[in-house]
Amino acid sequence: MATRNVLWNYSKKIFTFGLIGLTASDSLASISVVRDDCVLVEKTCLVKYKFSHGDVVVFSSPSNHKEKHIKRIIALPGDWIGIRHCSDVRRIPEGHCWVEGDNPSSSMDSNSFGPIPLGLVKGRVTHIVWPPQRIGAVEKRIPSDRGQAF
């Protein structure tokens, strides 16, 4: 019985499985993460904040900590990023990242609220596990219109 509890506690720390999409503000159209999808969220990336450009992450909203969003990381600390809808270029401060939705016309993301603290990130989305017709790995990529952060 004790072994089972230890395994369960360890599993909870590494993976979270749930209806993350319930509070997502928009969909990531190219990977089909939409409201009511169940996704697998990997948490080992939180140990040393090991993220890469193009990772899809779950994070708490900077304005409402109870609300969760699913977005793609476009820039990491030290990168320079061009802000959509204006000609400003911004450097991402240490301990922050720049996130954007794949549907820029209706996405509440860093273009609206700026870089987010890495401490708000709850994990990396690795797979869609429900509904059955969308089961599969979540692709790690940067939208072609964003190019690489510089």
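Further up the page is the structure itself.
It should be emphasised that the depicted structure is a prediction, and the values quoted were computed from it without experimental measurement.

### Quick notes on the nonpolar core
- Ranked by size, the top nonpolar core spans 11 residues in total: Cys45, Phe51, Val57, Phe59, Ile73, Leu76, Cys97, Val99, Ile116, Leu118 and Val121.
- Going through the elements one at a time, strand S3 (56–60) and strand S7 (96–100) are the ones with two or more residues in this core.
- Apart from residues no more than four positions distant in its own chain, Ile116 is found in contact with Phe59, Pro62, Gly95, His96, Cys97, Val99, Ser110 and Val121.

### Some thoughts on the side chain of Ser61
- As for its position among the elements, Ser61 is in the loop between S3 and strand S4 (68–75).
- The exposure class assigned to Ser61 is buried, which follows from its relative accessible area of 5%.
- For Ser61, the side chain forms a polar contact with the side chain of Ser63, separated by 3.1 Å.
- Reaching out from Ser61, the side chain makes a polar contact with the backbone nitrogen of Asn64 at a distance of 3.4 Å.
- Ignoring sequence-local partners within four residues, the contact set of Ser61 consists of Glu67 and His69.

### Looking at the pattern of salt bridges
- Under the counting rule described, the total for this entry stands at 3 salt bridges.
- Arg124 is the salt-bridge partner of Glu42, the closest N and O atoms lying 3.0 Å from each other. Of this pair, Glu42 sits in strand S2 (residues 38–42) while Arg124 sits in strand S9 (residues 121–130); the two residues are 82 residues apart in sequence, bridging distant segments of the chain.
- Judged by relative accessible area, which is 17%, Arg124 ranks as buried.
- Across the pair Arg124 and Asp55 runs a salt bridge whose closest N-O atoms are separated by 2.6 Å. In this pair, Arg124 sits in strand S9 while Asp55 sits in the loop between S2 and S3, placing the two residues 69 residues apart along the sequence.

Scoring rules and cut-offs
- Per chain, residues are indexed from 1 in the order of the written sequence.
- For this predicted model, a pLDDT threshold of at least 70 governs which residues receive local features, and a threshold of 80 or more governs which side-chain atom pairs are given and counted, while totals over whole chains, interfaces and linings are taken from all residues.
- The side-chain numbers reported here are obtained from all heavy atoms of the structure, hydrogens and water having been left aside.
- To define a nonpolar core, start from buried Ala, Val, Leu, Ile, Met, Phe, Trp, Tyr and Cys residues and group those joined through side-chain atoms within 4.5 Å.
- Any residue under 20% of the maximum accessible area for its type is buried, any over 50% is exposed, and the rest in between are partly exposed; the area is computed with a 1.4 Å probe on protein chains only.
- Only DSSP runs of H or I reaching four residues or more are called helices, and only runs of E reaching two or more are called strands; each is numbered from the N terminus.
- Contacts between residues were defined by any pair of non-hydrogen atoms, one from each residue, lying within 4.5 Å.
- We call two N or O atoms a polar contact when they sit within 3.5 Å, provided that within protein one can donate a hydrogen and the other can accept it, with sequence-adjacent residues counted only if both atoms are side-chain atoms.
- Salt bridge, as applied in this entry: a Lys or Arg side-chain nitrogen positioned within 4 Å of an Asp or Glu carboxyl oxygen.

Note that all results are geometric; they support no functional claim without further evidence.
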